[in-house]
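Letter by letter, the chains look like this.
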Amino acid sequence: MSKQTVGVVGAGVMGVGVAQNLIQTGHRVLLLDVEDVILRKARESITNNIRLQWMFHKKAAQESSTRSLAVYEIPFAFFGHSLGALVSFELARQLRKQGCLGPQLLLVSSHRAPHIPDRDSHIYALPDSAFIEQLRRFNGTPESALQDQELMKLLLPLLRADLEIYETYTYTCEAPLDCTISALGGLDDWRVTREDLAAWKEQASGDFSLRMFAGDHFFLQTAPEAVLQAISQDLRRLLSRLV
């Protein structure tokens, strides 16, 4: 089998692990952190007290991600965890609207399908003490950080901005994406259930898979090897279809 180049977009540290895995089997991998560019623009808007609408995806895609992806013209996959899953989904839609190459594979982690309403009360505007207690429930921030008042003064505006994006998202109905969607979740995630993840199938016109892992909302930290293996398998399956 000839070796292919594949882009892994928005996967952060997890993307590095996946890249290493694929490189070991002779594939070439391009890593792009599009998600970071988009979220940084969104956070800047919110922290500057500009009410954010989800239209920011259009501007961000036009300014950065579309150009980055178009230059390489290679098959690529999006990976997004929690809010990143929503960003990846909306970016894939935006690329389609612009007539650009879209992802062959969308990997979504720890986020309900976008058409499923948020059942939980909004927390982004809670007083600091209540907000920090909610962060503790998510189990994604070290306790030492939560108790560090100086550090939290720096982190709270960014965390509130991320949660405002997450909690004020409004879904608009469009045709399913023309790609495979693979949903990943934690068995003990109190916020995102198996049913929430299974509903992603409605957003895919291609294949769909759902895999659950030991852990909660941040199962990427507790089951990294199993997640890396699953993502690498999905990408190898994608590459095999391109030969």
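This write-up is about the structure you can find in this document. If you're wondering where the values come from, they're calculated on a predicted model, not measured in any experiment. Residue numbers restart at each chain and count upward from 1, following the sequence in its written direction. Note on the predicted model: pLDDT of at least 70 is required for a residue's local features to be given, and 80 or more for side-chain atom pairs to be given and counted; whole-chain, interface and lining totals, by contrast, use all residues. Heavy atoms throughout the structure, all of them, feed into the side-chain values; hydrogens and water do not.

1. Re the side chain of Arg-93
Along the chain, Arg-93 turns up in helix H4 (residues 83–97). Under this definition, polar contacts are N or O atom pairs within 3.5 Å; protein pairs additionally need one hydrogen-donor-capable and one acceptor-capable atom, and for neighbouring residues in sequence, both atoms have to be side-chain atoms. Side-chain polar atoms of Arg-93 contact the side chain of Tyr-171, separated by 3.4 Å. We count a stretch as a helix when DSSP gives it H or I for four or more residues in a row; a strand needs E for two or more, and each element gets its number in order from the N terminus.

2. Structural notes on the nonpolar core
Residues Phe-78, Leu-106, Val-108, Ile-181 and Trp-200 are the most contacted members of the largest nonpolar core, which totals 26 residues. Secondary structure elements with two or more residues in this core: strand E3 (76–81), H4, strand E4 (105–109), helix H7 (149–167) and strand E5 (180–186). Looking at which element gives the most residues to this core, the answer is H4, with eight residues. Note on terminology: a nonpolar core comprises buried Ala, Val, Leu, Ile, Met, Phe, Trp, Tyr and Cys residues joined through side-chain atoms within 4.5 Å. Accessible area is worked out with a 1.4 Å probe on protein chains only. A residue is then buried under 20% of its type maximum, exposed over 50%, and partly exposed in between. With 14 residues, the next largest nonpolar core counts Ala-77, Leu-184, Ile-231 and Leu-235 among its residues.

3. Overview of the packing of helix H5 (residues 128–138) against H7
At their nearest, the axes of H5 and H7 sit 12 Å apart, and the two run at 70 degrees to each other. It follows from the interaxial angle that H5 and H7 lie roughly perpendicular. From H5, Asp-128, Phe-131, Ile-132 and Leu-135 reach across to H7, where they touch Met-152, Leu-156, Leu-159, Arg-160 and Leu-163. By the convention adopted, Pro, Cys, Tyr, Trp, Phe, Met, Ile, Leu, Val and Ala count as nonpolar, Lys, Arg, Asp and Glu as charged, and the other residues, Gly among them, as polar. Classifying every residue of the contact of H5 with H7 by side-chain character gives seven nonpolar, no polar and two charged. The angle between two axes is taken between their N-to-C directions and runs from 0 to 180 degrees, where each axis is a line fitted to C-alpha atoms and a helix contributes only its stretch in contact. Here roughly perpendicular refers to angles of 65 to 115 degrees, roughly parallel to angles under 35, roughly antiparallel to angles over 145, and oblique to all remaining angles. Residue contacts follow a heavy-atom distance rule, with two residues in contact if any of their heavy atoms lie within 4.5 Å.

4. Here we look at the packing of aromatic side chains
In this scheme Phe, Tyr and Trp rings, the latter by its six-membered ring, pair at centre separations within 6.5 Å, and the angle between planes marks the pair as stacked below 30 degrees, edge-to-face above 60, and tilted otherwise. The full count for this structure, using the stated rule, is three aromatic pairs. Here Phe-89 and Trp-200 contribute two aromatic rings whose centre-to-centre distance is 5.6 Å and whose plane-to-plane angle is 80 degrees, an arrangement assigned as edge-to-face. Of the two residues, Phe-89 is situated in helix H4 and Trp-200 in the loop between helix H8 (194–198) and strand E6 (208–213); the sequence distance between them amounts to 111 residues. Taking relative accessible area as the criterion, Phe-89 reaches 0% and is therefore assigned buried. Look at Trp-200 and you get buried, because its relative accessible area is 0%. Charge-over-ring contacts are defined here by two conditions on Lys NZ or Arg CZ: a distance within 6 Å of the ring centre and an angle within 35 degrees of the ring normal. Over the ring of Trp-190 we find Arg-137; its NZ or CZ atom is 3.8 Å from the centre of that ring.

5. Considerations on the environment of Leu-146
Assignment of secondary structure puts Leu-146 in helix H6 (residues 143–146). Considered as a pair, Leu-146 and Leu-156 are ten residues apart in the sequence and their alpha carbons are 9.9 Å apart. Apart from the residues lying within four places of it in its own chain, the contact partners of Leu-146 are Ile-132, Leu-135, Arg-136, Thr-141 and Met-152.

6. Some remarks on the pattern of salt bridges
Salt-bridge detection follows one rule: a side-chain nitrogen of Lys or Arg within 4 Å of a carboxyl oxygen of Asp or Glu. In this structure the tally under the stated criterion is 14 salt bridges. Across the salt bridge formed by Asp-120 and Arg-191, the nearest N and O atoms sit 3.6 Å from each other. Placement of Asp-120 in the loop between E4 and H5 and of Arg-191 in the loop between E5 and H8 is noted, with a sequence separation of 71 residues between them. Among the charged side chains, a network of salt bridges with common partners joins Glu-90, Arg-93, Arg-96, Lys-97 and Glu-174.

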